[in-house]
Amino acid sequence: ILVNWFAVKQALEGMHDVDYLPYEAYVDLCQQRSVADQVSQRALLELLHQLGVVLCYQEDPRLQDTNILNPEWVTNGVYTILNANLLFQQRGILERRQLQEILDPVRYPAAKHSFLIDLMRKFELCFDLDGHLDQKFLVPDLLYWEDLDTGHWVDALPFRYDYDVLPGSIMTRFIVKMHPYIHQHTCWRTGVVLAHEGNRALVKGDIEDRCIYIWVDGPIH
């Protein structure tokens, strides 16, 4: 069995010019190499995904249509978007139509743009802007580093959390996760103001000092 699995692995690794493969084509490839039953096919695919040979997100309904992926195609596509000077000039705002300018139209046709956006959503790299569902997004990694004016927090309840290790992406991922509560679009590369039911919170990350500051303000009940 392992010999057959290895044969499938080698075949996929040899597809240098194939960026994405329909699941049916993967099944045919397995059957040609005597990996015939569905349980083995799915187990092998999960193993290849874990090894980084291919990427496959069968369990995520947003990503099911594009099945077997060349990891380099995915990383290059997302990297190109995140490093687009156009988005930096727009303070992290990405419009779907701009992907045609940012990405190579041959390697990344319009039909695959939704997949890349869904992948960025999955890994908390962007979120849809209110009123522009699936058409306009914010990429927090491209926000300005300068703090915004957030008002006065003198009477707010302060907290400080210190970490042995604080990943550089901690605040941008937090901003994506908490984006429904962002107050008046107040967010920057390392901070955000949140609001909910009359309460506000200012959350700021200090990557160099490895700490996160939080101030909470609201009515006393």
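Everything that follows concerns the structure shown earlier in this document.
It should be emphasised that the depicted structure is a prediction, and the values quoted were computed from it without experimental measurement. Just so you know, the residues in each chain are numbered from 1, in the order the chain's sequence is written. Per-residue local features of the predicted model are confined to residues with pLDDT of at least 70, and side-chain atom pairs are confined, for both listing and counting, to 80 or more; whole-chain, interface and lining totals are unaffected and use all residues. For the side-chain quantities, the full set of heavy atoms in the structure was used; hydrogens and water were omitted.

Engineer: Describe the side chain of Arg 96, with residues and values.
Structural biologist: Within the element layout of this structure, Arg 96 appears in the loop between strand S3 (93-95) and helix H6 (99-102). Exposure is judged per residue with a 1.4 Å probe applied to protein chains only, and the accessible area is read against the type maximum: over 50% gives exposed, under 20% gives buried, and values in between give partly exposed. For Arg 96, a relative accessible area of 14% corresponds to the buried category. We call two residues in contact when some of their heavy atoms are within 4.5 Å. Every residue in contact with Arg 96, bar those within four places of it in the chain, is listed here: His 113, Ser 114, Asp 134, Gln 135 and Phe 137. In DSSP terms, a helix is any run of H or I states spanning at least four residues, a strand is any run of E spanning at least two, and both are numbered starting from the N terminus.

Engineer: Tell me what's going on with the pairing of strand S8 (residues 191-196), and back it up with residues and numbers.
Structural biologist: Sheet topology places strand S7 (residues 182-188) next to S8; three bridges connect them, and they run antiparallel. Bridge pairing in S8 links Ile 182 to Leu 194. Note on pairing: two strands pair once DSSP finds at least 2 bridges between them. Hairpin connection between S7 and S8: a loop of two residues separates the two successive antiparallel strands. Taking the residues between adjacent antiparallel strands as the criterion, S8 and strand S9 (residues 199-206) are bridged by two residues, where Glu 197 takes a positive phi near 50°.

Engineer: Lay out the sheet that holds strand S4 (residues 127-128) in plain terms, naming residues and giving numbers.
Structural biologist: Taken in spatial order, the three strands line up as S3-S5-S4 in an open sheet, and their pairing is antiparallel. Here the strands that pair on one side only, and so sit at the sheet edges, are S3 and S4. Across two bridges, S4 lies against strand S5 (residues 136-138) in antiparallel orientation. Directly across from Phe 127, in S5, lies its bridge partner Leu 138.

Engineer: Quick one: what's the story with the sheet that holds strand S6 (residues 157-162), residue by residue and with numbers?
Structural biologist: Reading across the sheet, the five strands line up as S6-S10-S9-S8-S7 and stay open at both edges, with antiparallel pairing between neighbours. Since the sheet does not close on itself, it has two edges, and those belong to S6 and S7, each with one partner. For this sheet the average axis-to-axis angle between neighbouring strands, irrespective of direction, equals 15°. The sheet contact formed by S8 and S9 spans six bridges and is antiparallel. Looking at S9, one finds that Leu 194 is bridged to Ala 201. Axes here refer to lines fitted to C-alpha atoms; in helices the fit is confined to the stretch in contact. Angles between the N-to-C directions go from 0 to 180 degrees.

Engineer: Describe the nonpolar core, and please don't skip the residues or the numbers.
Structural biologist: Nine residue types can take part in a nonpolar core, namely buried Ala, Val, Leu, Ile, Met, Phe, Trp, Tyr and Cys, and a core is a set of them joined through side-chain atoms within 4.5 Å. Core analysis: the largest hydrophobic core is formed by 24 residues, its most contacted members being Ile 81 and Leu 94. Elements with a contribution of two residues or more to this core: helix H4 (71-82), H6 and helix H7 (113-122). Sequence-distant contacts of Leu 94, defined by excluding residues within four places in its chain, comprise Ile 81, Leu 87, Leu 99, Ile 102, Ile 117, Gln 135, Lys 136, Phe 137 and Val 139.

Engineer: Residue-level account of the pairing of strand S10 (residues 211-217), with values.
Structural biologist: Strand direction decides the pairing type here: S6 and S10, joined by six bridges, are antiparallel. Among the inter-strand pairings, Phe 159 is bridged to a residue of S10, identified as Ile 214. As judged from the seven bridges shared by S9 and S10, these two strands associate in the antiparallel manner. Of the residues in S10, the one forming a bridge with Gly 205 is Ile 212. Between the end of S9 and the start of S10, which pair antiparallel, lie four residues, with Arg 210 showing a positive phi angle near 55°.

Engineer: Account for the packing of helix H1 (residues 2-13) against helix H2 (residues 23-32), with residues named and values stated.
Structural biologist: A pair of packed helices is characterised by two quantities: the angle between their axes and the separation of those axes. One way to put it is that H1 packs onto H2 with a least axis distance of 9 Å and a crossing angle of 135°. The pairing of H1 with H2 is recorded here as oblique in orientation. Relative to H2, H1 is oriented so that their crossing is right-handed. Of H2, the residues touching H1 (which contributes Val 8, Ala 11 and Leu 12) are Tyr 26, Leu 29 and Cys 30. Under the convention adopted here, Pro, Cys and the residues Ala, Val, Leu, Ile, Met, Phe, Trp and Tyr are nonpolar, Asp, Glu, Lys and Arg are charged, and Gly plus all remaining residues are polar. In terms of residue class, the contact of H1 with H2 is made up of six nonpolar, no polar and no charged. Should an angle fall under 35 degrees it is called roughly parallel, over 145 degrees roughly antiparallel, and 65 to 115 degrees roughly perpendicular, with every other angle called oblique. Throughout, a crossing is termed right-handed when the near helix is turned clockwise from the far one, and left-handed when it is turned anticlockwise from it by less than a right angle.

Engineer: Please give an account of the packing of H1 against helix H3 (residues 38-51) that cites residues and values.
Structural biologist: One way to put it is that H1 packs onto H3 with a least axis distance of 11 Å and a crossing angle of 55°. As far as their axial angle goes, H3 and H1 are oblique. Pair H1 / H3 crosses with right-handed handedness. Residues Trp 5, Val 8, Lys 9 and Leu 12 of H1 form the contact with H3, whose participating residues are Ser 40, Ala 43, Leu 44, Leu 47 and Leu 48. For the contact of H1 with H3, a count of residues per class yields seven nonpolar, one polar and one charged.

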